[in-house]
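Given next are the chains, with one letter for each unit.
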Amino acid sequence: MPAFVVKADRDQLVIDQLTAAFGADILSHERIADMLVINTTKKVLHQVAQHCKEQLDFNFLTTMCGMHYSERDTLGLVMHLQSMRKGHRIRLKAEVPLREPVFPTFTDAQDTANWMEREAWDFFGIQFTGHPNLKRILNMEDFPAFPLRKDYPLEDPTREDKDDSMFGR
Amino acid sequence: MAPHTPATHGIFQNVLTLDGEVIRSAEQTIGYIHRAFEKLAERRPFYQIAPLTDRMNYCSAPINNMGWHMTVEKLCGIETPKRVDYLRIIVMELARIADHVICNSVIGVDTGALTGFTYIFQQREAIYEIFEESRGARLTTNMGRIGGFERNFNEAAWAKLRQFIKVFPGKLQEFENLLVRNRIFMDRTINCGPFSGERALAYGFTGPNLRACGVDYDVRVADPYCSYNDLDFIIPVGESGDTHDRFMVRSQEMKKA
C-alpha cells in the first residue's frame with residue numbers, strides 16, 4: 001500500500017483553530033510524511049497542548065522527548081498528540097536557547113508526562129517548572145552529563161583499546 | 001526491594017515504605033538495562049539500525065523490526081507491494097502469538113500453575129521453527145528490509161505454517177481449559193490491579209493492556225498500516241482492566257490472529 005495516508009481536512013482544522021487561538025505564537029507548520037508538525041513557542045506550548053486536548057479531542061499523549069539542535073545552540077521539546085476517536089496524530093515543537101532550557105511542566109494535564117519529562121531532563125537537561133519529582137530516570141543519579149546532547153561522544157573517550165575508524169564512528 | 005526480576009530482562013528496583021506488612025507506597029527505579037539505542041542511531045545509516053529494533057522486545061522481535069522499516073518507508077515515500085504487506089502481516093501475527101503465549105503462560109507460572117506453560121511453549125517453538133526456516137534465525141530474526149524482506153518464505157516454511165495453523169487452535173483451547181475457569185487462577189487474577197479506561201489513557205497504556213480496560217482502540221483498525229484494512233477481524237475488549245481481563249484479551253487476540 002502507499003507509504004502513508006494524509007488526513008488533510010483534519011490537519012487544516014487543527015491549523016485554523018490553533019492560529020485563531022494563538023496567532024503569531026504558532027510560528028509555522030509543515031507536513032512531514034503523514035504528520036502535521038506545528039512549531040510554536042515555549043510561552044504557549046502548554047496552552048496549545050491543553051487546547052488540543054480539550055477542544056480538538058487529542059486525548060492521548062503518545063510521547064514527549066527532547067531534541068538538541070547543535071547548529072542553532074537550542075534545545076527543543078517535541079510532543080506527539082493523538083486523537084483516538086478521530087484517528088489523527090500531530091506533533092508540537094518548541095525551542096529554547098541552550099543556556100536557559102526551561103519549559104513549564106505538562107504533568108498537570110497528562111499523568112504520562114511525568115516520566116517523559118524526567119527522561120527529557122535526564123538525557124537533554126531540560127528543566128520543567130512545576131514537575132513534582134524531577135530527577136534522573138534511566139541514568140544513575142550522579143551521572144555527570146546529559147548524554148543525548150550532540151556534543152556527548154558515542155564512545156567512551158578514555159578508552160585506547162578500540163579502533164572503530166572503519167565503522168565510521 | 002533490591003534489583004530483582006519481575007519479568008525476564010525487565011529488572012527494576014522498588015523502594016517501599018512499609019507499615020508492618022502493609023506496603024504504603026512504592027517508588028520505582030528503572031533504567032538498569034537502558035541501551036542507548038538513540039545515541040547509537042545518531043551516526044548510522046538506516047539499515048544498520050534494523051538489528052537494534054529486534055532487541056526492543058525480543059519476545060516479538062519482528063514487530064518492532066517491521067515498525068522501523070515502515071517508518072523509513074514513510075520518510076522516503078516508498079510504496080510496498082501487496083505481497084510484502086501480507087507477508088509482514090503473517091510474520092507480525094505469528095510474533096504476536098509468540099509474545100502472548102509467553103505473557104499468558106507465565107502469568108500461570110506466577111500464580112502457581114506451571115503445567116500449562118510447559119505445554120503451550122511447544123507452540124512458541126513451532127513459530128520459531130517457521131522463522132528459522134525462512135530466515136535462519138529464531139529469536140532476533142532481523143527479517144525485514146526497507147521495502148520488503150531479506151528473502152521469501154520457502155516451501156518448508158509454508159508447510160510448517162500450514163501445520164501450525166491446523167494444530168494451534170486446539171492446543172490453545174487445551175491450555176485455556178487448564179486456566180480460565182480454574183478457581184485458584186480466578187481468585188488470584190480477578191480484581192487484581194484493575195484500571196479504569198480514563199486512568200489507563202492518562203497513564204499512556206497501549207495495546208492489549210488498554211483494550212483490557214474497555215477502550216476499544218486498536219491501531220490496526222483505527223489507523224491501518226501494512227494493508228490491515230484489507231482484513232476483517234474482531235477486536236477483543238475487556239471490561240474491568242484487571243489481570244484476568246488482560247489475560248483474556250491476549251487469549252482472544254491469539255484466536256483472532
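Quantities reported herein were computed from a predicted structural model and do not represent experimental measurements.

Chemist: Would you mind going over the overall build of chain A with me for this structure?
Modeler: The secondary structure content of chain A amounts to three helices and seven strands. Along its sequence from the N terminus, chain A presents helices and strands in the succession α-β-β-α-β-β-β-β-α-β. A principal-axis box enclosing the C-alpha atoms of chain A has dimensions of 55 × 45 × 30 Å. Every one of the 169 residues in chain A was classed for burial, and the buried ones make up 28%.

Chemist: Would you take a moment to explain the environment of Val221(B) for this structure?
Modeler: As for its placement among the helices and strands, Val221(B) is situated in helix 10 (residues 219-222). Under the C-beta neighbour-count criterion, Val221(B) is labelled partly exposed, with 15 such atoms within 10 Å.

Chemist: Looking at this structure, I do not really get the nonpolar core. What am I missing?
Modeler: Nonpolar side chains tend to gather and get buried jointly when the protein is soluble and globular. Counting residues in each nonpolar core, the largest one holds 42 residues, and the members touching the most others are Ala49(A), Leu77(A), Leu81(A), Leu92(A), Ala120(A) and Ile126(A). Tallying contributions element by element places helix 3 (residues 113-124) of chain A first for this core, with six residues. Setting aside chain neighbours within four positions, we find Leu81(A) in contact with Ala49(A), Cys52(A), Phe58(A), Leu61(A), Thr62(A), Arg89(A), Ile90(A) and Leu92(A). Core analysis: the next-biggest nonpolar cluster, separate from the first, contains 23 residues, Met66(B), Met92(B), Ala98(B) and Ile130(B) among them.

Chemist: Got a minute to help me understand the pairing of strand 2 (residues 35-40) of chain A in this structure?
Modeler: Within a regular strand, side chains alternate between the sheet's two faces. Residue and element names in this part refer to chain A. Burial along strand 2 is one-sided: the residues Leu36, Ile38 and Thr40 are buried and none of Met35, Val37 and Asn39 is. Across six bridges, the pairing between strand 1 (residues 26-32) and strand 2 is antiparallel. Within strand 2, the position partnered with Ile26 by the bridge is Thr40. Taken together, strand 1 and the strand that follows it, strand 2, pair antiparallel across an intervening segment of two residues, in which Ala33 is found at a positive phi of about 55 degrees. Taken together, the five bridges between strand 2 and strand 5 (residues 88-97) define a ladder with parallel strand orientation. Pairing of Thr40 across the sheet is with Ala94, part of strand 5.

Chemist: Before we go on, may I ask you to explain the packing of helix 5 (residues 115-135) of chain B against helix 6 (residues 155-179) of chain B in this structure?
Modeler: For any two helices packed against each other, one specifies the inter-axial angle together with the distance between the axes. All names here are of chain B. Where helix 5 meets helix 6, the axes come as close as 10 Å, and the angle between the chain directions of the two elements is 165 degrees. With respect to their mutual orientation, helix 5 and helix 6 come out roughly antiparallel. In terms of crossing hand, the pair formed by helix 5 and helix 6 is left-handed. Counting all contacts with helix 5, which are made through Thr115, Gly116, Tyr119, Ile120, Gln123, Ala126, Ile127, Glu129, Ile130, Glu133 and Ser134, the residues of helix 6 involved are Ala156, Ala157, Lys160, Leu161, Phe164, Phe168, Lys171, Glu174, Phe175, Leu178 and Leu179. Split into classes, the residues belonging to the contact of helix 5 with helix 6 amount to 13 nonpolar, four polar and five charged.

Chemist: For this particular structure, what's the right way to read the interface of chain B and chain A?
Modeler: Accessible area lost during the coming together of the parts is what is often quoted as the interface size. On the side of chain A, 22 residues touch chain B, which itself brings 23 residues to the contact. Listed by contribution, the elements that provide at least two residues to the side of chain B that touches chain A are helix 1 (37-41), helix 3 (61-76) and helix 8 (197-202) of chain B. Here the side of chain B that touches chain A gets three residues from one element, more than from any other, and that element is helix 3 of chain B. Class assignment for the residues of the side of chain B that touches chain A results in eight nonpolar, six polar and nine charged.

Chemist: Just to check I follow, could you spell out the environment of Phe149(B) for this structure?
Modeler: Residues and elements named next belong to chain B. Structurally, Phe149 can be placed in strand 4 (residues 148-149). Look at Phe149 and you get partly exposed, because 18 C-beta atoms sit within 10 Å. Sequence spacing of Phe149 and Ser25 is 124 residues, and the spatial spacing of their C-alpha atoms is 48 Å. If sequence neighbours within four positions are ignored, Phe149 has contacts with Val84, Leu87, Met143 and Gly144.

Chemist: Mind showing me how you'd approach the packing of helix 3 of chain B against helix 4 (residues 82-110) of chain B here?
Modeler: Residues and elements named next belong to chain B. As a packed pair, helix 3 and helix 4 sit with axes 7 Å apart at the nearest point and diverge in direction by 140 degrees. In this view, helix 3 runs oblique relative to helix 4, as classed from their interaxial angle. Taken together, the residues of helix 4 that come into contact with helix 3 (itself represented by Ala61, Pro62, Ile63 and Met66) are Arg88, Val91, Met92, Ala95 and Arg96. A class-by-class count of the residues in the contact of helix 3 with helix 4 yields seven nonpolar, no polar and two charged.

Chemist: Looking at this structure, I do not really get helix 3 of chain A. What am I missing?
Modeler: At 3.6 residues per turn, the α-helix brings residues three or four places apart onto the same side. All names here are of chain A. End to end, helix 3 covers 16 Å across twelve residues, agreeing with the expected 16 Å (1.5 Å per residue, within 8%). Of all twelve residues in helix 3, ten are buried; the element is thus mostly enclosed. Of the residues making up helix 3, those classed as buried are Ala113, Asn114, Met116, Glu117, Glu119, Ala120, Trp121, Asp122, Phe123 and Phe124. Of the surrounding elements, those touching the buried residues of helix 3 are strand 3 (60-69), strand 4 (74-83) and strand 7 (127-129). Gly125, located one to two residues past helix 3, shows a positive phi value of around 75 degrees.

Reading the values: the criteria
- For every chain, the first residue of the written sequence is number 1, and numbering continues from 1 along that sequence.
- Here chains are named by letter from A upward and ligands by number from 1 upward, in the order in which they appear as written.
- The predicted origin of the model limits local features to residues at a pLDDT of at least 70 and limits the giving and counting of side-chain atom pairs to 80 or more, whereas totals for whole chains, interfaces and linings rest on all residues.
- Strands are runs of DSSP state E lasting at least 2 residues, helices are runs of H or I lasting at least 4, and numbering of each runs from the N terminus.
- We call a residue exposed when 12 or fewer other C-beta atoms sit within 10 Å of its C-beta, buried when the count reaches 20 or more, and partly exposed for counts in between; the C-beta positions come from the backbone.
- By convention in this section, buried Ala, Val, Leu, Ile, Met, Phe, Trp, Tyr and Cys residues joined through C-beta atoms within 7 Å make up a nonpolar core.
- A residue pair is marked as a contact if its C-beta atoms, positioned from the backbone, fall within 7 Å.
- Pairing between strands is defined by DSSP: at least two bridges between them are needed.
- Axis definition: a line fitted to C-alpha atoms, limited for helices to the stretch in contact. Angles are taken between N-to-C directions and run from 0 to 180 degrees.
- An angle below 35 degrees is read as roughly parallel, one above 145 as roughly antiparallel, one from 65 to 115 as roughly perpendicular, and any other as oblique.
- Here a crossing is called left-handed whenever its near helix is offset anticlockwise from the far helix by less than a right angle, and right-handed whenever the offset is clockwise.
- All residues other than Ala, Val, Leu, Ile, Met, Phe, Trp, Tyr, Cys, Pro, Asp, Glu, Lys and Arg, Gly among them, are scored as polar; the first ten of these are nonpolar and the last four charged.
- By this rule the span expected of a helix is its residue count minus one, scaled by 1.5 Å.

The values are spatial; any link to function lies outside them.
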